[in-house]
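Observations on chain architecture
Chain by chain, the residues:
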Amino acid sequence: MNNHTQSNIKTGDKTEAPRKRIAIVTGASGGIGRVFVRELAKETIDEIWAVGRNSQRLSALQNEAGVKVVPVCKDLTDHAALLSFSDLLKEQAPRVLWLVNNAGIARMAPSREFSAPEITQATDLNCKAPAVLISLCIPYMEKGSYILNVSSAAAFQPVPYLNLYAAAKAFARSYSRALHAELRPCGITVTAVCPGWVDTDLLSRERNGRIVRFPGLVIPERVVAKALKDAKRGRDMSVCSLYVKCQHLTAKLLPQRLTMRLWLHGIRSYL
Ligand SMILES: NC(=O)c1ccc[n+]([C@@H]2O[C@H](COP(=O)([O-])OP(=O)(O)OC[C@H]3O[C@@H](n4cnc5c(N)ncnc54)[C@H](OP(=O)(O)O)[C@@H]3O)[C@@H](O)[C@H]2O)c1
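**Things to note about the sheet that holds strand 11 (residues 237–238)**
- Reading across from one edge, 5-4-3-6-7-8-11 is the order of the seven strands in this open sheet, with parallel pairing throughout. Each of the sheet's edge strands pairs with one partner strand only, and the pair in question is strand 5 (69–73) and strand 11.
- Bridge analysis of strand 3 (residues 21–26) against strand 6 (residues 95–101) gives five bridges, and the strand direction is parallel. Within the sheet, the bridge partner assigned to V25 lies in strand 6 and is V100.
- Relative to the sheet, helix 1 (residues 31–40) contacts strand 3, strand 4 (47–52), strand 5, strand 6 and strand 7 (146–150), its axis offset from that of strand 3 by approximately 165°.
- Against the sheet, helix 5 (residues 163–183) touches strand 7, strand 8 (189–193) and strand 11, its axis set at about 165° to strand 8.

**Brief notes about the site of the ligand**
- Every one of the 29 residues lining the ligand counts as a neighbour, but G27, G30, G52, R53 and G104 are closest to it.
- At three residues, helix 1 tops the list of elements feeding residues into the shell around the ligand.
- For the shell around the ligand, the residue count by class is 13 nonpolar, 12 polar and four charged.

**Some points on the nonpolar core**
- Counting residues in each nonpolar core, the largest one holds 63 residues, and the members touching the most others are I24, V25, V37, I48 and A50.
- At six residues, helix 4 (residues 116–137) tops the list of elements feeding residues into this core.
- Those residues within four positions of V37 in sequence are excluded, and the remaining contacts are V25, A28, I48, A50, L61, A65 and V69.

**Let's talk about the environment of Y140**
- Examined against the element boundaries, Y140 turns out to sit in the loop between helix 4 and strand 7.
- Note: C-alpha distance between Y140 and R177 (37 residues apart in sequence) is 20 Å.

**Observations regarding unusual backbone geometry**
- Positive phi outside glycine occurs at A93, with the angle close to 40°.
- Examined against the element boundaries, A93 turns out to sit in the loop between helix 3 (79–92) and strand 6.
- On the neighbour-count criterion, A93 (14 C-beta atoms within 10 Å) is partly exposed.
- In this model, Y161 sits at a positive phi of 75°, which is unusual for a non-glycine residue.
- Relative to the helices and strands, Y161 is located in the loop between strand 7 and helix 5.
- Residue Y161 is classed as partly exposed on the basis of its C-beta count, with 18 C-beta atoms lying within 10 Å.

**Some words on the pairing of strand 3**
- Counting buried residues in strand 3 gives five out of six residues, a clear majority hidden from the surface.
- Where strand 3 and strand 4 come together, five bridges link them in parallel fashion. Directly across from T26, in strand 4, lies its bridge partner V51.

**As for the packing of helix 4 against helix 5**
- At their nearest, the axes of helix 4 and helix 5 sit 10 Å apart, and the two run at 10° to each other. Classed by the angle they form, the pair helix 4 and helix 5 counts as roughly parallel. The residues of helix 5 that touch helix 4, namely those facing I119, A122, T123, N126, C127, P130 and A131, are L164, A168, F171, A172 and Y175.
- Residues of the contact of helix 4 with helix 5, tallied by class, amount to 10 nonpolar, two polar and no charged.

**Some thoughts on helix 6 (residues 220–232)**
- The end-to-end C-alpha separation of helix 6 is 18 Å, in line with the 18 Å expected for 13 residues at 1.5 Å each.
- Contacts made by the buried residues of helix 6 are with helix 1, strand 7, strand 8 and strand 11.
- Following helix 6 by one or two positions, G234 adopts a phi angle in the positive range, close to 80°.

About the cut-offs
- Residues numbered from 1 in each chain as written.
- Predicted model: local features only at pLDDT ≥ 70, side-chain atom pairs only at ≥ 80, totals over all residues.
- Pairing = 2+ DSSP bridges.
- Helix = DSSP H or I, 4+ residues; strand = E, 2+ residues; numbered from the N terminus.
- Contact = placed C-beta atoms within 7 Å.
- Axes fitted to C-alpha atoms, helices over the stretch in contact; angles between N-to-C directions.
- Near = placed C-beta within 6 Å.
- Nonpolar A, V, L, I, M, F, W, Y, C, P; charged D, E, K, R; others polar.
- Core = buried A, V, L, I, M, F, W, Y, C linked by C-beta atoms within 7 Å.
- Buried ≥ 20, exposed ≤ 12 C-beta atoms within 10 Å, placed from the backbone.
- Parallel < 35°, antiparallel > 145°, perpendicular 65-115°, else oblique.
- Expected span 1.5 Å × (residues − 1).

Everything listed here is a matter of coordinates, which is why it stays silent on function.
Structural data, given as structure tokens:
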């Protein structure tokens, strides 16, 4: 944990410049991440490191959200690129006030259709990257810092045809809640954000010639507003709609065999 709780570091006679207060948002070029950047730009911070692969989208976000936004173009499934955050943090020695692990990918398909590289890429992005970024950032965090890990309502139970994604999101949720308990004495809040369907490019609108319906669909702004509110209240989990609250309760009360059967019934026309 960072001992430098003051914003100035004194070395001998010299007083160095105040350390920058920053937020890091991964998946900043996508639907939910973009909204996190826009909202965090309103907080008292100096820079937002907006992470993604699509440099054009990140630059557009910078033009829109202001100079605070610093595009950081990296593929988080590339091990060297992921570890390069360590150098960036060492160079700049910022105070990391917010870390939002939001980048993620999902594909709904029978498990036999997933290749080994695809499985590796999905688990690297959805599980490994957030855990590594957290470990790199914690030394730069302080009392009052926040970590948000974007999980999903898919974390509440096993989800056939979204096996890999749901299991990865269960990892994110479990990891976050355990970390919250560990870091609470240091004043760092860790929140697992568990949205249901959100209106972003992640969702495939058409499947096997049929328009897909997404019950309880919400806009990203709603997910982000609730996530930031819940984090500030010190909550370890954020669920933004009544629909997802009911899903959460159902997953707690019903046997998983039954919730899986209900899910399979709901998606039968798309298989
Ligand atoms: N939409 C939903 O219904 C829903 C529901 C529950 C949870 N979630 C979760 O919400 C998070 C955000 O998803 P979204 O709905 O906003 O999806 P999205 O619009 O597709 O955004 C995904 C983001 O992830 C980034 N990304 C993908 N692969 C990457 C890689 N290899 N390295 C770095 N960044 C990468 C993308 O940026 P680049 O392409 O620029 O790299 C993009 O910014 C995800 O974790 C998702 O699982 C979404």
